[in-house]
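These are the residues of each chain, in order.
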Amino acid sequence: DAGVIQSPRHEVTEMGQEVTLRCKPISGHNSLFWYRQTMMRGLELLIYFNNNVPIDDSGMPEDRFSAKMPNASFSTLKIQPSEPRDSAVYFCASSGWEGNTEAFFGQGTRLTVV
Amino acid sequence: AQSVTQPDIHITVSEGASLELRCNYSYGATPYLFWYVQSPGQGLQLLLKYFSGDTLVQGIKGFEAEFKRSQSSFNLRKPSVHWSDAAEYFCAVGADTGFQKLVFGTGTRLLVSP
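Residues numbered from 1 in each chain as written. Chains lettered and ligands numbered in written order. Predicted model: local features only at pLDDT ≥ 70, side-chain atom pairs only at ≥ 80, totals over all residues. Heavy atoms only, no water.

Novice: Provide a residue-level description of the state of the cysteines, including the pertinent values.
Specialist: If you walk through the whole model with that rule in mind, you get 2 disulfides over all chains. A sulfur-sulfur separation of 1.9 Å characterises the disulfide bridge that pairs A:Cys23 with A:Cys92. A torsion of -70° about the S-S bond marks the disulfide between A:Cys23 and A:Cys92 as left-handed. In this pair, A:Cys23 is assigned in strand β3 (residues 19-24) and A:Cys92 in strand β9 (residues 88-95), connecting sequence segments 69 residues apart. For B:Cys23, the disulfide goes to B:Cys91, at an S-S distance of 2.0 Å. Between B:Cys23 and B:Cys91 the disulfide shows an S-S torsion of about -65°. By sign, it is left-handed. Here B:Cys23, found in the loop between β3 (19-21) and β4 (24-26), pairs with B:Cys91, found in strand β10 (residues 87-94); they are 68 residues apart in sequence, far enough to count as distant. No difference in accessibility class separates B:Cys23 from B:Cys91, as the two residues are buried. (Disulfide = S-S within 2.5 Å. Helix = DSSP H or I, 4+ residues; strand = E, 2+ residues; numbered from the N terminus. Buried < 20%, exposed > 50% of the residue type's maximum accessible area, 1.4 Å probe, protein only.)

Novice: Can you explain the interface of chain B and chain A? Please cite residues and give values.
Specialist: The interface is formed by 18 residues belonging to chain B together with 23 residues belonging to chain A. Roughly 1700 Å² is buried in total at the junction of chain B and chain A, and carbon and sulfur atoms are behind 57% of that figure. For B:Lys49, the salt bridge goes to A:Glu102, with nearest N and O atoms at 2.6 Å. Along the contact surface separating chain B from chain A lie 6 residue pairs in polar contact (both at pLDDT 80 or more). Those elements that place two or more of their residues in the side of chain B that touches chain A are β5 (32-38), β6 (44-50) and β11 (102-104) of chain B. With 4 residues, the top contributor of residues to the side of chain B that touches chain A is β5(B). Its residues assigned to classes, the side of chain B that touches chain A comprises 10 nonpolar, 6 polar and 2 charged. (Contact = heavy atoms within 4.5 Å. Buried area = accessible area lost by both parts, 1.4 Å probe. Salt bridge = Lys/Arg side-chain N within 4 Å of Asp/Glu carboxyl O. Polar contact = N/O pair within 3.5 Å; in protein donor to acceptor, adjacent residues only side chain to side chain. Nonpolar A, V, L, I, M, F, W, Y, C, P; charged D, E, K, R; others polar.)

Don't take any of this as a statement about function, it's just geometry.
Structure below.
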């Protein structure tokens, strides 16, 4: 398996533009997580899905952020409109259903909003 | 709610010396505990995990960690550090909900001196 695949690896956009980050989880995993990593706040869980259903989005910072999982093999995290303070590395991770399985992380998308 | 404290922001160790990275967690029930490593520009890689059973857990790359319930600790150790171990290390705690919602510590950056 290729692991969790995120695209793009790097994104530079202007303030006010819409940004869409993409994630393909490991095949067979049914939990998917979006994390954000910044120097100030470390790794924060934004939202997670189980069987394509959002379970907890309490970490989503504002209404400008939205996430979808239309099927078991694809998820998006959208920021509209983007702001400079959204600049961070965004990680997607997936895991199996059972409680004793670990989360596997993608390599992240480094977002820079100028 | 669970939380994780990694009291050391930076640690410098000489190559060949032993290493211990500290991690304290807060969680009311039986925790699932993890150590991840992040190399620059990379995603997070799982080093080891504890779910139950033997409190001394062996991981990849020669790392081990010991779960001490009485101290709410899960310290990471390695008997002899290699230059390639220089990276950032994250301790995480997961709830036993089956969803692997992880809460991460702020990380410890390991520097290895020659």
